[in-house]
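What follows is the residue order along each chain.
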Amino acid sequence: MDDETAEIELLEQNLNKTRLISQRMTSILSSYDTRLVKLEKSILPLYTSTQVLTRRANNIESALQKIDAIASYHEGIAAEEALILRGPQPNQLNAYIEVLERMNVSVAFNSTDSRDKARLVESGAKKLIQLYTKLVAEGSSGVPPGGSEFTPVPFPASIMATLKPLVAFLRTLPLPATHPSHPAAPGVQAALKDAQKGYGDMRGAWVRKCLETFGKRVVDRAETIDGVAAGMEVGRWTEDMLAVADEEYKLLLELAPLTTSAAISSTYATLISPLTNLFTSTLGSLGSLIKRNLNKNTFLALSAHSSLTSLQPRWNEVMSRRADRKENELKEGLHSIRASCLRSFPEFLADIRMAGLGKGGEIGTGLADITTSTVQYLERIPAVKDAAASALLTLGDGNWKMGEGTQIGKTKSTDVDEQTVLEHFTYDVVNATVQSLLSLSRMNKRPAFGAIFLLNNISYLRTHLLVRPRSDVSSILSRPSQELLQSNFRTAKAGYFDANFSPLLQTLIDEKDKKSAVKEKFTRFFDLLDEVTERHAVARVLQDDPEGRATVADEAVKLVVPSLQRFIQRNLGKEFSKNPQKYIKMSPEDVESLIKGFYSGRGSSAPSVPPPEKLTNTLLQQAGWGW
């Protein structure tokens, strides 16, 4: 118990101590609380003042940052303005474009200084447009390629590489149609229109420069080369022009800043204007050349008309529709050439008929000009067959025979097709030529020479048009035309034999005459043979036709030599002379050789009396005669 009481007392003592300590702590804390209240009352005004100062400091900091931003912004604007006013520099085109794009966006969002920026956008756009014009000018200058064939000149690839991004940006510039409220839009549009028109002017002048030399060459060569070939050259040159215009149209679609259909058509019309002027002047020069000597340049007109007619659909597309033009220079030029073609047919026939009137004096025995010109004319028609047939059909069947009582315009074009009207025309050409040759042959005071002339010319016509044609002339000659030539050739050959060898045969007619008559016949025969020999030494028969000469030679021998042989046989036993070699100057074999010599292509200079070693006439030897 004592122990427990002692522990209780100890616990009470400790409890009292704890209570005293708690009281002290409470007192201390109350003191702290009083002091904190006093401290709070003292610090609160300072805290409030500090918040105001902090807020002011933050405001000052924000203001300073804003001032710095505004200062840097204005410094950037000044730098960009200087860059724009300086213009695009080499290798800085992209940077220049980026600056303009930023300013254009700023203007679009209605910034406070949008008007000033719009002014800079317009200025920068005009600088780029000037660069565009400069690059186009560089690509449209230089020396055109020479040579005999036209070679297109492509736009320089290095300049194209710079132009493509530039054009792509120019197409994004503000225009009244797309940015009606943009202050710079009207000025930019005006500058782009001027630049695009300048593009058309520069490219048009350049392509004309490239084609002009070849156009002059076509006109110059037309006077010196074959008309058909010259007409085809006109067609090729025009085709080159259309190809160039087509390429320029494609290039315009790539490089035009203004891409509306109206702007493209207008620029393209400006571009091709120099080309159409060049075409008109070139075709005008050709037309003057054709009219100056239509007879010589008929096939130039026909060939050119044929070549150009095939290009009419392409011209309509490339040079008229794309440019929204009503003018059609090719159509107008074809009308002029067609008029010359229509004139040429009656004039050619008139020239043939006029040639048949002669020029006075001897006509000789060689080829007449109308013969060679007719052959050349007909040989060349197949090369321009379609053009000639079309023109003749337009003229009307038979209307080319002006001055012969033909009623012009009475034949309906539906009555005949192109092939038929062409055959009718060629028949009239052949017939007129034959009639003129007949008239000329009759004008010769010596019929034998006239017969040789007629044979030479009719044979030349027949050989080159029927027997050995050098072109497809048979396709334009009707059966009546061919029969006309064959018939007149037979008649001319019969007339030649009649005029040159009939007098010889007439002397050998067997009549019951006295010996003196036989002597006279032999004398007359060889005298006439000498005349024929002299005639053929001067007048060549079928000089350029070896096969024809051989045929005529055989026929002449068959005509004369058998008659001479029979005459000699009939008079062998009559002993008409003691010295027959005085009258029978040549044996039939020698006469045959002499006649063949007429057609050997060399001069006939056989002697009247052959050398003794050649006198081996079998018939006279059988009769006991010798020379």
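Keep in mind that what you see is a predicted model, and the values were worked out from it rather than measured.

Q: Just checking my understanding: could you explain the overall build of the protein for this structure?
A: Summing up its helical and strand segments, the protein has 19 helices and zero strands in all. Every one of the 627 residues in the protein was classed for burial, and the buried ones make up 43%. Put simply, of all contacts in the protein between residues at least 6 apart along the chain, 79% involve residues at least 24 apart. Counting only carbon and sulfur atoms, one obtains 53% of the accessible surface of the protein, whose full area is about 33,500 Å².

Q: How should I be thinking about the environment of Ser303 in this particular structure?
A: You can see Ser303 is positioned in helix H8 (residues 298-309). Taking the relative accessible area as the measure of exposure, Ser303 reaches 3% and is therefore buried. In this structure, the C-alpha to C-alpha distance between Ser303 and Ala230, residues 73 residues apart in sequence, is 7.7 Å. Filtering out sequence-adjacent residues up to four positions away, Ser303 remains in contact with Gly227, Val228, Gly231, Met232 and Val384. Of note is the side chain of Ser303, whose polar atom sits 2.7 Å from the backbone oxygen of Val228.

Q: How should I be thinking about the confidence of the model for the protein in this particular structure?
A: Low-pLDDT stretches of the model should not have their predicted coordinates read in fine detail. For the protein, per-residue confidence averages 81 on the pLDDT scale, and 83% of positions sit at 70 or higher. Segment residues 71-75: pLDDT under 50, and two contacts once partners within four positions in sequence are set aside and those in other chains are kept. Note on residues 405-413: pLDDT is under 50 here. Beyond four places in sequence and across chains, it has nine contacts.

Q: Got a minute to help me understand a nonpolar patch on the surface in this structure?
A: Residues Leu36, Leu39, Ile43, Leu44, Leu46 and Tyr47 make up a contiguous nonpolar surface patch of about 620 Å² in total accessible area. With respect to the helices and strands, the residue Tyr47 is situated in helix H1 (residues 2-86).

Q: Mind showing me how you'd approach helix H15 (residues 479-507) here?
A: Residues spaced three or four apart along an α-helix point in a common direction, a consequence of the helix completing one turn every 3.6 residues. Between its terminal C-alpha atoms H15 stretches 41 Å, which fits the 42 Å expected from 29 residues at 1.5 Å a residue. Along H15, the helix axis deviates most sharply at Phe501, where the bend reaches about 55 degrees; the proline Pro503 sits within four residues downstream.

Q: Got a minute to help me understand the pattern of salt bridges in this structure?
A: Once the charged atoms of two side chains with opposite charge are near each other, the side chains can pair. Scanning the model with the defined rule gives 18 salt bridges in all. Asp226 is paired through a salt bridge with Arg380; the nearest N and O atoms lie 3.1 Å apart. Here Arg380 lies in helix H11 (residues 369-380) and Asp226 lies in the loop between helix H5 (185-222) and helix H6 (227-255), a separation of 154 residues in the sequence. Taking relative accessible area as the criterion, Arg380 reaches 24% and is therefore assigned partly exposed. For Glu547, the salt bridge goes to Arg468, with nearest N and O atoms at 3.2 Å.

Cut-offs applied
- Residues numbered from 1 in each chain as written.
- Predicted model: local features only at pLDDT ≥ 70, side-chain atom pairs only at ≥ 80, totals over all residues.
- Heavy atoms only, no water.
- Helix = DSSP H or I, 4+ residues; strand = E, 2+ residues; numbered from the N terminus.
- Buried < 20%, exposed > 50% of the residue type's maximum accessible area, 1.4 Å probe, protein only.
- Contact = heavy atoms within 4.5 Å.
- Areas by Shrake-Rupley, 256 points an atom, 1.4 Å probe, with all protein chains shown as cover.
- Polar contact = N/O pair within 3.5 Å; in protein donor to acceptor, adjacent residues only side chain to side chain.
- pLDDT = per-residue confidence, 0-100.
- Patch = residues over 30% accessible without salt bridge, like charges linked within 9 Å, V, L, I, M, F, W, Y side chains within 5 Å.
- Salt bridge = Lys/Arg side-chain N within 4 Å of Asp/Glu carboxyl O.
- Expected span 1.5 Å × (residues − 1).
- Bend = angle between axes of the 7 residues up to and from the residue.

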